[in-house]
Amino acid sequence: MTTKRGKFLTLEGVDGAGKSTHVQWLVDTLRNKGIEVLSTREPGGTPIGEKLRELLLHEPMGLECETLMMFAARAEHLRTVIEPALSTGIWVVCDRFTDATFAYQGGGRELGYDRVETLEKWLHPDLQPDRTWLFDVPLTVARERLNRTREQDRFEKMADAFFQRTREVYLARANAHPTRMICVDSTQSIDNIRKDLELDIAQIIDAAATQ
Ligand SMILES: Nc1ncnc2c1ncn2[C@@H]1O[C@H](COP(=O)(O)OP(=O)(O)O)[C@@H](O)[C@H]1O
Ligand SMILES: [Mg+2]
């Protein structure tokens, strides 16, 4: 019998949108339905990736270096964690993936999309998430939420215009990939958001069962 490939599910959105608030809940919900799930994040998810994450979040660097390091971390993550899991039937829930590089480096930092696309085509030409939840909030909400949480990292300290560009790229990608990406209005209450997510998860599980 051949093993059915696992589903690859990602969470996206600007800092403060609510990804971390829902990631563990998503994983628990899937596990409660009997699915084997691996929970991970980007940048990070491997020993090298976590070291690169530290540098990326706290060390000032040029845009080329930043983009290549994001993909360097991603390459290890794909090779040693994500692909092995998916190919043995394990579902992967990942807090950020390549959409974030398009949004942050491509849009926020204004690298443009061509180079991000080139790296994407090099490193994972045939892999896209099966579902991406884009947690969307206006800047004022994101800022307000971040201010009440933790000390802010390099990206979270960026100017409003950076956030705005990043959010706009995310929204444009959700428009361009309506089957894969679902835009979640993350100004709603956590409970309401989870009701919507639960319906979507049920659909994904149903679709996977009949494949
Ligand atoms: N729907 C929501 N309503 C109110 N507060 C929220 C909501 N979602 C997240 N928060 C709060 O906003 C802050 C940032 O959320 P977090 O999940 O860390 O965002 P992200 O991981 O996307 O940066 C946290 O303090 C969290 O409790
Ligand atoms: Mg987070």
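Residues numbered from 1 in each chain as written. Chains lettered and ligands numbered in written order. Predicted model: local features only at pLDDT ≥ 70, side-chain atom pairs only at ≥ 80, totals over all residues. Heavy atoms only, no water.

Q: So what about empty space enclosed by the protein? Which residues, and what values?
A: Applying the stated criterion across every chain yields a total of one cavity of 30 Å³ or more. In this structure, the largest cavity occupies an estimated 30 Å³ of space. Lining the largest cavity, in full, are Phe97, Thr98, Asp99, Phe102, Glu120, His124, Gln128, Pro129, Arg173 and Arg180. Per-element accounting of the lining of the largest cavity gives the leading share, three residues, to helix 4 (residues 98-108). Classifying every residue of the lining of the largest cavity gives three nonpolar, three polar and four charged. (1 Å grid on protein atoms, 1.4 Å probe; cavity = no way out; pocket = protein on both sides within 12 Å on 5 of 7 lines; lining within 4 Å. Points joined across faces, edges and corners; volume = space filled by probe spheres on them. Helix = DSSP H or I, 4+ residues; strand = E, 2+ residues; numbered from the N terminus. Nonpolar A, V, L, I, M, F, W, Y, C, P; charged D, E, K, R; others polar.)

Q: Before we move on, could you go through helix 1 (residues 19-32) and cite the residues and values that matter?
A: Along its 14 residues, helix 1 runs 20 Å from first to last C-alpha, staying within 8% of the 20 Å computed at 1.5 Å per residue. Here helix 1 has its buried residues at Lys19, His22, Val23, Trp25, Leu26, Val27, Thr29 and Leu30. Buried residues belonging to helix 1 abut strand 1 (8-12), strand 2 (37-41), strand 3 (91-95), strand 4 (131-136) and helix 8 (190-209). Among the residues trailing helix 1, glycine 34 stands out with phi positive, at a value near 85 degrees. (Expected span 1.5 Å × (residues − 1). Buried < 20%, exposed > 50% of the residue type's maximum accessible area, 1.4 Å probe, protein only. Contact = heavy atoms within 4.5 Å.)

Q: With reference to specific residues and values, describe the nonpolar core.
A: Note on soluble globular proteins: their nonpolar side chains tend to be buried together. If you look at the biggest cluster of nonpolar residues, it comprises 49 residues, and the most contacted ones within it are Val14, Leu30, Val93, Tyr104, Trp133, Phe135 and Leu197. In this structure valine 14 touches Lys19, Arg96, Tyr104, Phe135, Val137, Ala142, Phe163, Thr166, Arg167 and Tyr170, once residues within four positions along its chain are discounted. One finds Phe8, Ile82, Ala85 and Cys94 within the second-largest nonpolar core, a separate group that totals ten residues. (Core = buried A, V, L, I, M, F, W, Y, C linked by side-chain atoms within 4.5 Å.)

Q: A description of the sheet that holds strand 5 (residues 181-185) should follow, citing residues and the corresponding values.
A: If you walk across this open sheet you meet the five strands as 2-3-1-4-5, and the pairing is parallel. Two strands lie at the open edges of the sheet, namely strand 2 and strand 5, each paired on one side alone. On average, each strand axis in the sheet is tilted by 20 degrees relative to the strand beside it, whichever way the strands run. Two strands pair when backbone bridges link them, and strand 1 and strand 4 are joined in this way by four bridges, in the parallel orientation. (Pairing = 2+ DSSP bridges. Axes fitted to C-alpha atoms, helices over the stretch in contact; angles between N-to-C directions.)

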